[in-house]
Amino acid sequence: DRYLNFKIEVADEAGNKSDSIFATEQLLIDTVEPKIVSVKSVTKQDYDVIKNGLFAIDDSIYIKLEFSENIFISEGDASIVLDVASQALISNSSLQDVSSVVAIYKVLEGESTSSLSFENLNILSPGAKLRDNAGNIMIAFSKNDLLESNRLTNTSSVEIDGEYPANFTIEKVFVKGSNNREGYWNSTSSELIVRVGDYASSFNNDQSLIDGTVQLKIRIYSNNNTTPSTGWRDLGAPVSINDQTTE
C-alpha cells in the first residue's frame, strides 16, 4: 500500500509558472484482495489461546478465522464449513471492520472426525461480498488458499465424537457373602457383582470406550416396594475403562 499526494502547476505561454498548489487529500493505492490467513480452535475465555481436545455431543468449539486486513460483509451472514454436517454461523454484525472473527460450532449426534478440518468460508446471501476498506473483494475462501501450517488441522488438534455408546443390558446381579440368598443383601453380604450382557463384543466394536467410565446407578422403591422412584442415584464411584476391561 502506498499513499499519493497531488499538486498542480500552471504555466503561461511564455513559460512563467505559478506557485504550486498542493492538495491536502491523500490517495491510498491498495489493489490487494483480503484473504483468510489462519484458522484456529480457541478457548471461550481467551480467543488468543489454542483449545485442543476431544469433544462430545453438545460441546461447543470456538473457531477463529484471522484475515490479512480488516474486512466488511456487504449484506447477510456467513458460515464456517467444516468436515462435519453442521456449520458455524457468523452474523452480519460480526463481520464489520474486523481483522478476525470467532464462530461457535456445537457438536451434534452423528458427527465424528479424528481431526476437525476447516473447508471454506460460506457467504449465505446471494450476491453478498466480503471487502476491505479499499473495496477489494475477497476471492479466496477455501482451506486450499491457506498455508498448510495455518490450516485448522495443523494449528489445533480437535477430535469430534458425536456417537453415543451402544446400550448395554444388565444380565444378572450377584451378591457375594458367606450366607447368600438370591435376591437379597443380608448382614453377611460383602460385594455386589453386576454382569453386563454382551459387553465384550460391544466393547471390541467401540474403541472410543477406552478411557471412558462405567457408572452403576440405583433407584429405591416405595409404597411397599411397588413404586420405583423417578431419580437414579450413583452407587459408588465410576470405574475407568481400559483396553483390558472386559467384565
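Sequence order as written defines the numbering, with residues in each chain counted from 1. For this predicted model, a pLDDT threshold of at least 70 governs which residues receive local features, and a threshold of 80 or more governs which side-chain atom pairs are given and counted, while totals over whole chains, interfaces and linings are taken from all residues. Derived side-chain values reflect all non-hydrogen atoms in the structure, with water molecules and hydrogen atoms excluded from consideration.

**Section: the overall build of the protein**
Note the following rule: The helix count covers DSSP runs of H or I at least four residues long, the strand count covers runs of E at least two residues long, and both are numbered beginning at the N terminus. Relative accessibility under 20% of the residue-type maximum defines a buried residue, over 50% an exposed one, and the middle range a partly exposed one, all with a 1.4 Å probe and only protein chains included. Contact between two residues is taken to exist if any of their heavy atoms lie within 4.5 Å; hydrogens are not considered. In these tables, accessible area is a Shrake-Rupley quantity obtained with a 1.4 Å probe, and a residue counts as shielded only by the protein chains included in the view.
Check the secondary structure of the protein and you find 2 helices and 20 strands. Per-residue burial over the protein gives 25% buried out of 247 residues. Contacts spanning at least 24 positions in sequence make up 64% of the contacts within the protein whose residues lie at least 6 apart. Surface summary for the protein: the accessible area is close to 16300 Å², and the carbon and sulfur share equals 47%.

**Looking at the sheet that holds strand 4 (residues 53–56)**
Under the convention used in this document: Here a strand pair is declared whenever DSSP counts at least two bridges between the two strands.
Sheet architecture is open: 3 strands sit in the order 4-12-9, paired in mixed fashion. Every interior strand has two partners, whereas the edge strands, strand 4 and strand 9 (112–113), have only one.

**Examining a nonpolar patch on the surface**
Basically, it comes down to this: Nonpolar side chains (Val, Leu, Ile, Met, Phe, Trp, Tyr) within 5 Å and like charges within 9 Å form the patches, drawn only from residues with over 30% relative accessible area and no salt bridge. Note on definitions: salt bridges are taken to be side-chain nitrogens of Lys or Arg within 4 Å of carboxyl oxygens of Asp or Glu.
Taken together, the side chains of I170, V173, W185, L192, I218 and L235 present a nonpolar region at the surface, about 540 Å² in accessible area. Within the secondary structure, I170 sits in strand 13 (residues 169–177).

**Observations regarding the sheet that holds strand 10 (residues 118–123)**
For clarity, the threshold we go by: Fitted lines through C-alpha atoms serve as axes, helices being fitted only where they are in contact, and the angles separating the N-to-C directions of these axes extend from 0 to 180 degrees.
Pairing in this open sheet of 3 strands is antiparallel, and the strands run 7-6-10 from one edge to the other. Lying at the two open borders of the sheet, with one neighbouring strand each, are strand 7 (87–90) and strand 10. The average angle at which neighbouring strand axes cross in this sheet is 20°, direction not considered. Sheet analysis places strand 6 (residues 78–82) next to strand 7, joined by 4 bridges and oriented antiparallel. Paired with I80 across the bridge in strand 7 is A88.

**Quick word on the environment of M138**
The residue M138 is located in the loop between strand 11 (130–131) and helix 1 (152–155) in this model. With a relative accessible area of 3%, M138 lands in the buried category. Sequence-wise, M138 and I71 are 67 residues apart; in three dimensions their C-alpha atoms are separated by 8.7 Å. Apart from residues no more than four positions distant in its own chain, M138 is found in contact with P34, K35, I36, F67, I71 and L130.

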